[in-house]
Amino acid sequence: MKKHVWRPLYVVLGLIGCILVFRMFYIPDDFGTHDRGYTFGYHRLSNEQEWKEYPAKYKGTEYCKDCHSEKVESVAGSQHAMISCENCHGAAFGHPEEPAKLTIDRSRDLCIRCHSALYMPTSGRNDIPGIDPAQHNVDSECSECHNPHNPSLEDM
Amino acid sequence: MKRRDFMKNTAMFVAGASVSLSALELIDPQEVLAANPELRWGFLVDTHKCVGCGLCVKACKIENDIPLEANVTRTWVERYVIKKDGEVVMDSPKGALNGYTSKLLDQNKSGMREVADKDIAQAFFVPKLCNHCETPVCVQVCPVGATYQTADGAVLVDRKWCIGCGYCIMGCPYGVRFFHPIEHVADKCTFCYHRISNGGNTACAQACPFGARKIGNLRDPNDPVAKTVMGQRVGVLRDEYGTKPQVFYIGLNKEVH
């Protein structure tokens, strides 16, 4: 056969060779079929470790105890005991170094997440004492009258 | 003998025994162990306990660096109002990032809608998140192996490998995947893999004041979540798709999909 018939074939073979060489360098060694088989587990193994090392932002109420013990005790003995501090003050990542202070959210929006009265007969929402935010002391922040750390109406 | 050793030995014995039974079929004990590891993350949602405060959504977004104002979220809460005449009205404004504070239901283009208390037969909230399915559709459709399942059941996305084609986002029957506005890759709930792998709780479960969300090890018979899943009537979303979701719901209505 003539040379010009073979030539395109060499080009194709060369291309395939290039792709294989590129692939060898580009695809990491730990890429392959892992625990969950080819269908569900074909991946780069070190990515699992990368996800495990993602920085956590929320610390949990236990963490606050060392420095704000008074607040922690006050909340723990109140009707708000089940709300973790960071829900109202934001994630404690870096605190107290950076940021030195956590935010204090005095907005009415925070409280009415739970306390806006809705009629939800087959949910826990109905068991929370509710107010109508459009009626209940509209011009002030809730914490001017209620103590968020111990909201008992008797202690007001 | 430790539990771990016992499991290992049992697996080895079973593997050995099956080799002698079917002498031609080679069984790798490694494979048997992988098919039956001691850890499988599962999630339990109690819809009776959810009050729709949306603190889980806020915590999830902050923990996982999903921009608060972007209209995407890894977890969200839906409100269902079922009227006495059978009509179902549902909403989830901003995925409940700011909670449910009004009786008005957000019906998108058709505006706000109010349902009178006296017309309501049932009303409740349903938190949603990735189901970390046993046979995840999203993983099967990925053309580059960027999304995968770990041995302990979490479905994750490799951000360095994802090419952003969007097949997985289209493929997920639960709509839990979205395009990350900053990373420009597919994104989804990881069960807070960085927290649970290091002995912590998921951000959403930790934030929930009412215990409506719990994560646990389905392979541990003493785990509270595993106990409930085995011993109580729980449901999963869209069972008919055959994806075998691993997020279980207490108090699921047929109106919820």
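Predicted model, so just to flag it, every value in this text is computed and none were measured.

J.: Describe the overall build of chain B, and please don't skip the residues or the numbers.
T.: Secondary structure assignment for chain B yields 8 helices and 12 strands. The burial tally for chain B puts 51% of its 257 residues in the buried class. The long-range share in chain B, meaning contacts at least 24 apart out of those at least 6 apart in sequence, stands at 60%.

J.: So, a nonpolar patch on the surface: which residues are in play, and what are the values?
T.: On the surface, V5, W6, L9, Y10, V12, L13, I16 and L20 of chain A cluster together into a nonpolar patch covering about 770 Å² of accessible area. With respect to the helices and strands, the residue Y10 of chain A is situated in helix α1 (residues 3-26).

J.: Lay out the environment of C114 of chain A with the relevant residues and their values.
T.: Along the chain, C114 of chain A turns up in helix α7 (residues 108-115). On the basis of relative accessibility, which here comes to 13%, the residue C114 of chain A falls in the buried class. Spatially, the C-alpha atom of C114 of chain A lies 28 Å from that of G94 of chain A, the residues being 20 residues apart in sequence. If we skip the residues at most four places from it in the chain, C114 of chain A touches R125 and I128 of chain A together with V51 and C53 of chain B.

J.: Got a sec to walk through the interface of chain A and chain B? Specific residues and values, please.
T.: The interface is formed by 45 residues belonging to chain A together with 57 residues belonging to chain B. Regarding the contact of chain A and chain B, the summed buried area is about 4,400 Å², with carbon and sulfur atoms giving 58% of it. D65 of chain B is paired through a salt bridge with K57 of chain A; the nearest N and O atoms lie 3.2 Å apart. The interface formed by chain A and chain B holds 26 residue pairs in polar contact (both at pLDDT 80 or more) in total. Counting residues per element, the ones that place at least two in the side of chain A that touches chain B are α2 (37-41), β2 (42-44), α3 (46-52), α6 (85-89) and α7 of chain A. Residue contributions to the side of chain A that touches chain B peak at 5 residues, all from α3 of chain A. Split into classes, the residues belonging to the side of chain A that touches chain B amount to 23 nonpolar, 11 polar and 11 charged.

Cut-off values and rules
- Residues numbered from 1 in each chain as written.
- Chains lettered and ligands numbered in written order.
- Predicted model: local features only at pLDDT ≥ 70, side-chain atom pairs only at ≥ 80, totals over all residues.
- Heavy atoms only, no water.
- Helix = DSSP H or I, 4+ residues; strand = E, 2+ residues; numbered from the N terminus.
- Buried < 20%, exposed > 50% of the residue type's maximum accessible area, 1.4 Å probe, protein only.
- Contact = heavy atoms within 4.5 Å.
- Patch = residues over 30% accessible without salt bridge, like charges linked within 9 Å, V, L, I, M, F, W, Y side chains within 5 Å.
- Areas by Shrake-Rupley, 256 points an atom, 1.4 Å probe, with all protein chains shown as cover.
- Salt bridge = Lys/Arg side-chain N within 4 Å of Asp/Glu carboxyl O.
- Buried area = accessible area lost by both parts, 1.4 Å probe.
- Polar contact = N/O pair within 3.5 Å; in protein donor to acceptor, adjacent residues only side chain to side chain.
- Nonpolar A, V, L, I, M, F, W, Y, C, P; charged D, E, K, R; others polar.

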